[in-house]
Amino acid sequence: MSTDLKLPNNPKIVVIGGGTGLSVMLRGLKNKPLDITAIVTVGDDGGSSGILRAELGMLPPGDIRNVLTSMADVEPLLALMLQYRFPEGTGLAGHSLGNLILAAMKDITGDFVTGIREMSRVFAVRGNVLPVSSQLITLKAEMEDGSIVEGESKIPQSGRRIDRLFIEPANVKPLPEAIQAIREADAILCGPGSLYTSILPNLLVKGIAEELVKSNAVKMFICNVMTQPGETDDYSVSDHLEAIHKHVGHQLFDYVIVNDGEIPPQVQSKYAEKGSKAVHLDLEEVTRRGYQVIADTLVLFRTYLRHDAEKLSDHIYQIVDNWMSRKR
């Protein structure tokens with residue numbers, strides 16, 4: 001159903017995360033009759049985002065740009081323009097045009113959050129996009145050998161297994177609008193996305209996990225299809241959930257949505273070359289811990305494996321609709 005049919009009483013859904021997986025899911029979810037707010041991580045320190053962060057002292061725009069593009073109601077050519085990355089040019093090589101536009105909007109409007117809001121209006125974004133905080137955040141990971149690795153871009157490259165993630169400053173304040181969105185939500189989603197560098201950084205911002213615990217919304221975790229080298233090597237579905245529980249001290253979710261569709265051997269081989277494999281669904285263990293599991297064939301393969309945005313959003317919408325029906 002098109003969001004042209006959105007009404008003021010549509011369910012309010014908050015999506016928390018970052019990275020490519022979140023953007024793919026939102027392309028499907030934006031077409032449902034939902035009032036969507038995306039709360040996006042701001043811990044990125046690599047590539048174009050890292051350069052703009054270091055040189056301009058601004059929040060890294062990359063994940064925000066991806067989410068804005070996925071939720072924008074624009075012609076395909078305009079979406080490609082936002083994602084265009086300059087291949088060469090002194091000072092330009094490696095930068096995406098969307099990142100530079102966000103940097104300009106920050107200066108024009110006076111602050112990054114207002115810049116996002118105005119860019120959302122210009123590009124007819126179907127929903128609200130918010131950084132989890134207006135403060136710069138640095139990610140740090142304590143590895144199982146006790147060493148500390150600093151920086152979102154360096155953590156997966158350390159070659160060691162992560163024991164604990166933490167953020168600096170530890171007392172970083174959440175964006176008030178993000179807290180308000182969680183308090184008003186009928187449904188809250190975390191993922192898909194990098195567990196330690198896209199999902200957990202949001203939950204470690206003071207007040208975010210606490211609000212999730214207090215919320216009466218239906219809460220869902222969308223598990224990644226493949227493990228991520230340097231982050232979730234050999235992780236099962238329950239390992240993902242256990243890592244979140246360990247960091248926030250609570251079991252946050254009612255539902256876990258996972259892929260149980262077969263991945264072609266040639267695709268598995270391609271990913272295995274990079275140290276990645278399908279996340280194992282240990283259904284009995286996940287169910288034993290009290291989660292309701294929605295398992296389906298949720299993958300598409302083109303150049304890379306991606307969630308089937310339409311099927312995934314159908315499952316999410318069905319859960320939300322059932323939850324709202326029980327509340328009425």
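Residues numbered from 1 in each chain as written. Predicted model: local features only at pLDDT ≥ 70, side-chain atom pairs only at ≥ 80, totals over all residues. Heavy atoms only, no water.

A. Just the pairing of strand β9 (residues 255–259), in detail. In terms of burial, β9 is largely enclosed, as 5 of its 5 residues are buried. Neither face of β9 is left uncovered, since the one carrying Tyr255, Ile257 and Asn259 and the one carrying Val256 and Val258 both have all their residues buried. The pairing of strand β8 (residues 218–222) with β9 spans 3 bridges and is parallel. By the bridge assignment for β9, methionine 220 is matched with tyrosine 255. As a crossover connection, the stretch from β8 through helix α10 (residues 237–248) into β9 is right-handed. When β9 meets strand β10 (residues 292–296), the two strands line up parallel, connected through 5 bridges. (Buried < 20%, exposed > 50% of the residue type's maximum accessible area, 1.4 Å probe, protein only. Helix = DSSP H or I, 4+ residues; strand = E, 2+ residues; numbered from the N terminus. Pairing = 2+ DSSP bridges. Right-handed = clockwise from strand over helix to strand, strands pointing away.)

B. Region of interest: empty space enclosed by the protein. Enumeration over the complete set of coordinates arrives at 1 cavity of 30 Å³ or more. When its volume is computed, the largest cavity comes out at roughly 40 Å³. Around the largest cavity, the lining residues are Cys223, Asn224, Val225, Val237, Val258, Asn259 and Val279. Tallied by class, residues from the lining of the largest cavity come to 5 nonpolar, 2 polar and no charged. (1 Å grid on protein atoms, 1.4 Å probe; cavity = no way out; pocket = protein on both sides within 12 Å on 5 of 7 lines; lining within 4 Å. Points joined across faces, edges and corners; volume = space filled by probe spheres on them. Nonpolar A, V, L, I, M, F, W, Y, C, P; charged D, E, K, R; others polar.)

C. Spatial organisation of the packing of aromatic side chains. Under the criterion given, the structure shown has 3 aromatic pairs. Taking 5.2 Å as the distance between ring centres and 80 degrees as the angle between the ring planes, the aromatic pair formed by tyrosine 84 and phenylalanine 86 counts as edge-to-face. A relative accessible area of 21% means that phenylalanine 86 is categorised as partly exposed. With a centroid separation of 6.4 Å and 75 degrees between ring planes, the pair formed by tyrosine 196 and tyrosine 235 is classed as edge-to-face. With a gap of 39 residues between them, tyrosine 196 in helix α8 (residues 195–203) and tyrosine 235 in the loop between β8 and α10 connect regions that are remote in the sequence. Of the two residues, tyrosine 196 and tyrosine 235, both sit in the buried class. Above the ring of tyrosine 304, the side-chain terminus of lysine 270 is found at 5.5 Å from the ring centroid. (Phe/Tyr/Trp six-rings, centres within 6.5 Å; stacked < 30°, edge-to-face > 60°. Lys NZ or Arg CZ within 6 Å of the ring centre and 35° of its normal.)

D. Broad picture of the pattern of salt bridges. Under the definition given, this model contains 19 salt bridges. A salt bridge links glutamate 177 to arginine 117; the shortest N-O distance between them is 3.8 Å. Residue glutamate 177 is found in helix α7 (residues 176–184), and its partner arginine 117 is found in helix α6 (residues 112–122); the two are separated by 60 residues along the sequence. The shortest N-O distance in the salt bridge between lysine 246 and aspartate 163 comes to 2.8 Å. Note that lysine 246 is positioned in helix α10 and aspartate 163 in strand β6 (residues 162–168), a separation of 83 residues in sequence. The structure contains a network of salt bridges with shared partners spanning Glu242, Glu285, Arg288 and Arg289. (Salt bridge = Lys/Arg side-chain N within 4 Å of Asp/Glu carboxyl O.)

That is the geometry; function is a separate question.
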